[in-house]
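Single-letter residue listing:
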Amino acid sequence: MNQPAAWSRLVSAEVMKLRTTTAWWLFVGGFTVVTALAVGLNCVGQHYALFPQTDAFDRAQKLTEAAADRTPAGAAAMAASLMTSGQTLTVLFALLLGSYVVTSEYVNRTVTTTFLTVPHRGRIIAAKLAAATSFGALFWLIATVVNAVVTPVFLSSQHLSVPLTAAVVTRSVALSLPAFALWAAFGLGLGAVIRSQAVAIVVGLVCFVGGFAAVAAVSQLVYDAVHQDWLFSARVIAPAVASQVMITSGRAFPHAPPQWVGAVIMAGYGLALTAAGIIQTRRRDVT
Amino acid sequence: MVVALGVIALGFLVWLVRRERGGQAGDASGVEVTPELSALAWEPKRIPPDELPLGRVVVSGLTKQYGQVKAVDDVSFTAEPGRVTGFLGPNGAGKTTTLRMLLGLAAPTSGEATIGGTRYAALAEPALRVGAVLEANGAHEGRTGRDHLRVICRTTGLPLERADEVLSAVGLGDAANRLVRAYSLGMRQRLGVAAALLADPQVLVLDEPGNGLDPRGIRWIRELLRSQAAAGRTVLVSSHLLAEMEQLADDLVIIAGGRVVATGTVASVTGGRPSLEAAFLELTAGEDTIR
């Protein structure tokens, strides 16, 4: 009797909240369409890489690259790219969905009902974190299914035979799972801290798109002054860079730290923002 | 390729934000239905005498200060089980703030409010013990009335079918699968009441439940609340509709300017004056209506 609302009920209620609004179909439909488009465009690009246009001014170089693409290693890399088509951009859906899960409660003023039903606000935010990361994983699943349908068809049409179970391919696909989950967590934490849907989306987009360029510019400026190589490694503190480092086998850029550092930093952002969101949510009055 | 995807993602985003905004505006442009008026579809279960004290609502010394303004100033009263307690006051008197503190949505500056001796947030299963209707907009515009209730059922562990039972009990059976966006204000109030009744709780707290209801609806809610109190439940209901309160309440708490100015039975508060209205206007005289 003296038990607070069961954890599993809270998470499944959060899933239900999202699934019972039209936003759900928007997210899933939008994501599927964009992913299909991305893999389609990727196929077109890869086709022209394999068969350079005859009037290309650098045709000789293109033909050399095409030959490299046809080696087993080159073909495997191509398959890996196809299997993760557009994901540097489509993880944005996870970020948006994460912040939507919290901010929609404030926009739609359902937060009163939510906190009346369960006054343990920290548990609600934690349940939302669990739901958001699960939805991130669902995006990954959808993307992987769409890509897994298109990729073999394309590869065989180009007379390449690459097993999708090749290590390079499976590693790329596996690494994008944490990317989706962690961007969803990032968005959720951001939403919990900011509460305003419009502001959370803008800040999320700035972190996502602008972060890379801003950090690169700053680290370059400081490097010009002090000439320390670690400044380049330090770029990983930007979420967009951390994500890039995490999903790139080998080095994402010169002096890039190892992959696990990117993963730890992304997870750190998600957890720190969520913790800050919980503290704020518990303190503030619901109006 | 990145540019093309970016444009699509951005378009999606703009659309999503605009849609959310539209949902917030939420004018009830949908078709109005006059729901079938029914008494509750079930006979309210009587609260056993030994459990009655668990329903006592005690507010003691509750104060809420915003900057220099005391919105609620040392408010104390008790809402007894088996009785309807009317919480009266002019607009801006602090009724809603008091109820929000009682329900753990706002933190008091000082003082305490308890239900059966325990703060709301410290109750084991508050949503099963206390049903509350705070605002007519506590439901997502883009969700159906049924789904709104089912989410609450899922959270509290009640069977999902309970949503349908309660919806037909409040006369929204036919509108169950319609989006809340299309509900009239009266239907929203009914949905709020339905949410409060989901767990058949021992304590009901309602903030201005008569708002937006037509005369039939007002009579319905009066009969509903009276029957709940008759079965041993504690009913605390705020309003500024005096004539309605005179018929509904057993006890009254009148606040003005954040302070309690009168408590007692309807008869004792009215005193020798010709009507509750006369008493109310006299007791709340000199208080700004807008604070």
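Let us look at the structure shown here.

The rules behind each value
Residues numbered from 1 in each chain as written. Chains lettered and ligands numbered in written order. Predicted model: local features only at pLDDT ≥ 70, side-chain atom pairs only at ≥ 80, totals over all residues. Buried ≥ 20, exposed ≤ 12 C-beta atoms within 10 Å, placed from the backbone. Helix = DSSP H or I, 4+ residues; strand = E, 2+ residues; numbered from the N terminus. Pairing = 2+ DSSP bridges. Axes fitted to C-alpha atoms, helices over the stretch in contact; angles between N-to-C directions. Parallel < 35°, antiparallel > 145°, perpendicular 65-115°, else oblique. Left-handed = near helix turned anticlockwise from the far one by under 90°. Contact = placed C-beta atoms within 7 Å. Expected span 1.5 Å × (residues − 1).

**A few points about the pairing of strand 8 (residues 251-256) of chain B**
Residues and elements named next belong to chain B.
Piece 1. Most of strand 8 sits inside the fold, with six of its six residues counted as buried.
Piece 2. Neither face of strand 8 is open: one carries D251, V253 and I255, the other L252, I254 and A256, and all of them are buried.
Piece 3. Bridge analysis of strand 3 (residues 84-88) against strand 8 gives four bridges, and the strand direction is parallel. What sits directly across from L88, in strand 8, is I254.
Piece 4. Sheet topology places strand 8 next to strand 9 (residues 259-265); six bridges connect them, and they run antiparallel. Looking across to strand 9, one finds that I255 is bridged to V260.
Piece 5. Where strand 8 folds back onto strand 9 in an antiparallel hairpin, the turn is made up of two residues, including G257, whose phi is positive at roughly 55°.

**Re the packing of helix 4 (residues 72-83) of chain A against helix 8 (residues 167-194) of chain A**
Residue and element names in this part refer to chain A.
Piece 1. Following both chains from N to C, one finds helix 4 and helix 8 inclined at 25°, their axes separated by 8 Å at the closest point. The angle between helix 4 and helix 8 falls in the class roughly parallel. Pair helix 4 / helix 8 crosses with right-handed handedness. Contact residues: helix 4 offers A76, A77, A79, A80 and M83, while helix 8 offers V168, V169, S172 and V173.

**Focus on helix 1 (residues 7-19) of chain A**
Piece 1. Relative to the 18 Å expected for 13 residues at 1.5 Å per residue, helix 1 of chain A spans 19 Å between its end C-alpha atoms, a close match to the ideal helical length.
Piece 2. Along helix 1 of chain A, the positions that sit buried rather than exposed are A:L10, A:A13, A:E14, A:V15 and A:K17.
Piece 3. Buried-residue contacts for helix 1 of chain A involve helix 5 (87-107) and helix 7 (121-157) of chain A together with helix 4 (145-156) of chain B.

**Considering the sheet that holds strand 5 (residues 130-133) of chain B**
All names here are of chain B.
Piece 1. With mixed pairing, six strands are arranged side by side in an open sheet as 5-6-7-3-8-9. Of all strands in the sheet, those bounded by a partner on one side alone are strand 5 and strand 9. Each adjacent strand pair in this sheet contributes to an overall mean axis angle of 15°, direction not counted.
Piece 2. Contacting strand 3, strand 6 (203-207), strand 7 (234-239) and strand 8, helix 2 (residues 95-102) runs over the sheet at an angle of about 150° to strand 6.
Piece 3. Against the sheet, helix 6 (residues 185-197) touches strand 5 and strand 6, its axis set at about 170° to strand 5.

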